[in-house]
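Working through the structure, step by step
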Amino acid sequence: MAVLSPSIKRLTESHHSWEGQATEEKNSTYCMKVSMSLNVAENDTDLCYNSNMRRPEKAELSKSKDILCPDIDDYVEPGKDPEITWYKECRPKKWRASVIQKRDILSFQEVKEGDIGNYTCEIQFGGFVVRRTTELTVT
């Protein structure tokens, strides 16, 4: 599921197709048609995500937990590391030393009660912003 740019005005579900061309070293041209399902939703008022599109995750107090920025491979150029920005409750956060961001993972070495909340990863793709939000609960 993708939340694209906060200016989208309504909830839509559609199938997008496009054609692309690639050339091989032999100078042959190949055409391919790709189809994908895409969910686009307006963000909730004053939030950077739509509550209905959050992924739930559970963590245990004092244990480690990784939160993944899921399904972003289609938005990353091959061979390049994605430039992902992570937010907690839609705000940039200075993470404590035991919270490590590596590629598409936000890794908590020791989960604390204050870690409960919504974590949003964001990646730029062309003129769009692609976001994924995970709701973390702690037991």
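What counts, and at which threshold
- Residues numbered from 1 in each chain as written.
- Predicted model: local features only at pLDDT ≥ 70, side-chain atom pairs only at ≥ 80, totals over all residues.
- Heavy atoms only, no water.
- Core = buried A, V, L, I, M, F, W, Y, C linked by side-chain atoms within 4.5 Å.
- Buried < 20%, exposed > 50% of the residue type's maximum accessible area, 1.4 Å probe, protein only.
- Helix = DSSP H or I, 4+ residues; strand = E, 2+ residues; numbered from the N terminus.
- Contact = heavy atoms within 4.5 Å.

What follows concerns the nonpolar core. Ranked by size, the top nonpolar core spans 20 residues in total, and within it Ile-67, Cys-69, Ile-84, Trp-86, Leu-106, Phe-108 and Tyr-119 carry the most contacts. Every element with two or more residues in this core is listed here: β3 (29–40), β9 (105–108), β10 (117–125) and β11 (128–138). Residues within four places of Leu-106 in sequence aside, it is in contact with Lys-65, Asp-66, Ile-67, Trp-86, Trp-95, Val-99, Ile-100, Gln-101 and Tyr-119.

Before going further, it helps to spend a moment on unusual backbone geometry. With a phi close to 75 degrees, Ser-62 is a non-glycine residue in the positive phi region. Located in the positive-phi region is Arg-103, a residue other than glycine, with phi close to 50 degrees. Residue position: Arg-103 is located in the loop between β8 (99–102) and β9.

Take the environment of Gly-117 next. Its place among the elements puts Gly-117 in strand β10. Between the C-alpha atom of Gly-117 and that of Thr-134, which follows or precedes it by 17 residues, the distance is 8.3 Å. The residues contacting Gly-117, other than those within four sequence positions of it, are Lys-88, Glu-89, Thr-134, Glu-135 and Leu-136.

Everything listed is a geometric property; what it means functionally is a separate question.
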